[in-house]
Amino acid sequence: MTEEEARAWLQAQFEVSRETWDQLERYVAILSSAMDEQNLIAESTRPHIWARHIVDSAQLLTIAPNDDGRDWIDLGSGAGLPGIVIACLVDRPLMMVESRRKRIDFLNGVIADLGLGNARVFGGRVESTPATKAAVISARAYAPLPKLLASALHLSDKNTVWVLPKGRNAQNELEAVRPTWQGAFHVEPSVTDADSAIIVARSVTPAGKKKGRP
Ligand SMILES: C[S@@+](CC[C@H](N)C(=O)[O-])C[C@H]1O[C@@H](n2cnc3c(N)ncnc32)[C@H](O)[C@@H]1O
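The shown structure was predicted, so the numbers you read here are calculated from the model rather than taken from an experiment.

## Remarks on the environment of Arg 70
Then, number 1: With respect to the secondary-structure elements, Arg 70 resides in the loop between α3 (49–58) and β1 (72–75).
Then, number 2: In this structure Arg 70 comes out as partly exposed when scored by C-beta crowding, with 16 C-beta atoms within 10 Å.
Then, number 3: Linking Arg 70 and Ile 199, residues 129 residues apart in sequence, is a C-alpha distance of 21 Å.
Then, number 4: Other than its neighbours up to four places away in sequence, Arg 70 contacts Lys 133, Ala 134 and Ala 135.

In structure tokens:
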């Protein structure tokens, strides 16, 4: 997907308003310039931020359910991917969890700069995030699947939908956790890259436990 195709995809999917385009463009500019000081995204992807990061994040909205009033929780948000992108595109409550001080400061700076009233940051480890049940849990390049699920189980219930962008080994990663985790799992293709995929899960519990009571 080229940068032009990425923008066209966003417009077609979300009928992006002028205000939201301004926010996304501002975010891309902040992200790109902050790269001179900290390593927020892979340097090789810097010329392709719209396709590799913005659309790659935004596509999760086409999979996740609608806002039910509960938080969308994004684990290990780093520079705000996908959290900031989701918060720009939809006015739903969103919490980003990030443990590194510099990145927490970066995220709070972006939220203030873009005026994102629906987004906030929990600065700390996922494992110590105060227990609340999320409508959606996302996590991009945060941790391998077993660690990811174990660290955030307390943020989920049977209605929580997990949307987890992964690489080409998504299906294998999923098969590997089946003996220890149960739930409704499947893999969706990524619109940005044939080598990526998105693991989608519901009713996630450790194997052996009754579904719906994680
Ligand atoms: C590889 S980066 C990915 C960032 C972003 N999601 C992205 O796709 O660009 C992983 C991020 O997860 C954060 N992280 C790792 N373990 C964490 C934990 N246990 N709790 C909170 N944040 C964590 C790291 O500080 C880092 O910013």
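## Looking at the site of the ligand
Then, number 1: Around the ligand, the structure places 18 residues, and the nearest of them are Gly 76, Gly 78, Leu 81, Ser 99 and Arg 140.
Then, number 2: Split by residue class, the shell around the ligand holds seven nonpolar, five polar and six charged.

## Observations regarding the nonpolar core
Side chains that are nonpolar tend, in soluble globular proteins, to be buried together.
Then, number 1: If you look at the biggest cluster of nonpolar residues, it comprises 62 residues, and the most contacted ones within it are Leu 75, Cys 88 and Ile 137.
Then, number 2: Excluding residues that lie within four positions of it along the chain, Leu 75 makes contacts with Val 97, Val 126, Ile 137, Ala 139, Tyr 142, Leu 148 and Ala 152.

## Quick word on the sheet that holds strand β2 (residues 94–98)
Then, number 1: With mixed pairing, seven strands are arranged side by side in an open sheet as β3-β2-β1-β4-β5-β7-β6. Where the open sheet ends on each side, the last strands, each with one partner, are β3 (119–123) and β6 (181–189). Each neighbouring strand pair of the sheet contributes to a mean axis angle of 20°, computed without reference to strand direction.
Then, number 2: As judged from the six bridges shared by strand β5 (residues 161–166) and strand β7 (residues 197–206), these two strands associate in the antiparallel manner. Considered in β7, the bridge of Lys 166 is made with Ala 197.

Reading guide: rules and limits
Residues numbered from 1 in each chain as written. Predicted model: local features only at pLDDT ≥ 70, side-chain atom pairs only at ≥ 80, totals over all residues. Helix = DSSP H or I, 4+ residues; strand = E, 2+ residues; numbered from the N terminus. Buried ≥ 20, exposed ≤ 12 C-beta atoms within 10 Å, placed from the backbone. Contact = placed C-beta atoms within 7 Å. Near = placed C-beta within 6 Å. Nonpolar A, V, L, I, M, F, W, Y, C, P; charged D, E, K, R; others polar. Core = buried A, V, L, I, M, F, W, Y, C linked by C-beta atoms within 7 Å. Pairing = 2+ DSSP bridges. Axes fitted to C-alpha atoms, helices over the stretch in contact; angles between N-to-C directions.

The analysis is restricted to geometry; functional conclusions fall outside its scope.
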